[in-house]
Amino acid sequence: MTKRLTEVAKKAGVSEATVSRVLNGRDGVSEATRTAVLTALDVLGYERPTKLRGERARLVGLVLPELQNPIFPALAEVVTGTLAQRGYTPALCARTIGGVSEMDYVEMLLDHQVSGVIFAGGSYALADAKHDHYRRLTERGLPVVLVNAGVDELGFPRVSTDDAVAVEQAYGHLRSLGHERIGMVLGPEGHVPSRRKLNAMIQAAGWDEGDAECVERSSFSMEGARVAATKLVERGVTGIICASDVLALGTIRAARRLGRSVPADVSVVGYDDSAFMTCTDPPLTTVRQPIETMGQAAVDLLVTQIEGAGVLQDELLFEPELVVRGSTAPAPRR
């Protein structure tokens, strides 16, 4: 108990006596100090006293699928900073292969009486994944915001990049360079943002069923993209639009292993404009997600729900921006 009091007091920046008064429900403590102590208790992983468990902490979960793709740390930086400015403490939950699942993280966050949760790139974006843990959040009445497109029936507010505009920008760029044989490396079949990108491509390019050979699916890894892109390059595709920068880097690797030059033989467009894409060889042409604006909007939507103001269950679409660098060039002459 003494160790707990010391740790909580240090974390909250108050005396051990103040911590003791809060935990015992005594008077003489300001609301701000009381909140700081309870938040420190939650962050350190200690259980609240039984009589205090019904109150939610000023703690917000941010659940990410990984941290290897630079776009997710970038989002985490925006969200955690914005939460701190609004007086909330972020709890970062990043999944790893063979580690804690998204479902387990949800249970942990519920145990810590969080005020709300922001998800990015979770199983809500996969149509064939299990979504029971999201329904648990709905049943608890817990505020939730999703970053980027997910299955419709969950009914949570969403903050998304406009996939249709992203594809129109990338396709228009490649067409302006004279590319006629344009393909796509997308995420898994049930990945909702990838579905949206494919539908946009069908509209923009006027594809029919015979153009299915211009699309390959992959896991969101460079290794998976290399396998998928190899098939496209071997079919004579000269311009490739990818569903992420990581997939684009795998596509460049595939072209080179086939003895092709990027961009002289094959032009590649990524998606995200994550960190270090100016440092790749060649620097990557990509469609930039407005991560800072989206992260701030996600926090605003969540805090509005927490404060009881209510939020329309609509999807906010943010326009992306094409960033032209060295991985695209005029189509090769035949």
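**Quick look at the packing of helix α2 (residues 16-23) against helix α3 (residues 31-43)**
Then step 1. Relative to each other, α2 and α3 sit at 90°, their axes nearing to 10 Å. Our classification of the angle between α2 and α3 gives roughly perpendicular. Contacts between α2 and α3 involve Thr18, Val19, Val22 and Leu23 on the former and, on the latter, Thr33, Arg34, Val37, Leu38 and Leu41.
Then step 2. The residue inventory of the contact of α2 with α3, partitioned by class, reads six nonpolar, two polar and one charged.

**Topic: helix α8 (residues 192-205)**
Then step 1. For α8, spanning 14 residues, the distance from its first C-alpha to its last is 20 Å, which sits close to the expected 20 Å at 1.5 Å a residue.
Then step 2. Residues of α8 that are buried include every one of Val192, Pro193, Ser194, Lys197, Leu198, Ala200 and Met201, and no others.
Then step 3. On its buried side, α8 packs onto α7 (163-176), β6 (182-186), β7 (215-217), β8 (239-242) and β9 (267-272).
Then step 4. The positive-phi residue at the C-terminal boundary of α8 is Gly206, with phi of around 65°.

**Observations concerning the pattern of salt bridges**
Then step 1. In total, this model carries 15 salt bridges according to the counting rule given.
Then step 2. In this structure, the salt-bridge partner of Glu102 is Arg95, at a minimum N-O distance of 3.9 Å.
Then step 3. The exposure class of Arg95 is partly exposed, given its relative accessible area of 22%.
Then step 4. For Arg288, the salt bridge is made with Glu321, and the minimal N-O distance between the two is 3.3 Å. On the criterion of sequence distance, the pair formed by Arg288 in strand β10 (residues 285-288) and Glu321 in strand β12 (residues 321-323) is long-range, its members being 33 residues apart.
Then step 5. Judged by relative accessible area, which is 44%, Glu321 ranks as partly exposed.
Then step 6. Taken together, the shared-partner salt bridges connect Asp273, Arg288, Glu321 and Arg325 into one network.

Rules used throughout
- Residues numbered from 1 in each chain as written.
- Predicted model: local features only at pLDDT ≥ 70, side-chain atom pairs only at ≥ 80, totals over all residues.
- Heavy atoms only, no water.
- Axes fitted to C-alpha atoms, helices over the stretch in contact; angles between N-to-C directions.
- Helix = DSSP H or I, 4+ residues; strand = E, 2+ residues; numbered from the N terminus.
- Parallel < 35°, antiparallel > 145°, perpendicular 65-115°, else oblique.
- Contact = heavy atoms within 4.5 Å.
- Nonpolar A, V, L, I, M, F, W, Y, C, P; charged D, E, K, R; others polar.
- Expected span 1.5 Å × (residues − 1).
- Buried < 20%, exposed > 50% of the residue type's maximum accessible area, 1.4 Å probe, protein only.
- Salt bridge = Lys/Arg side-chain N within 4 Å of Asp/Glu carboxyl O.

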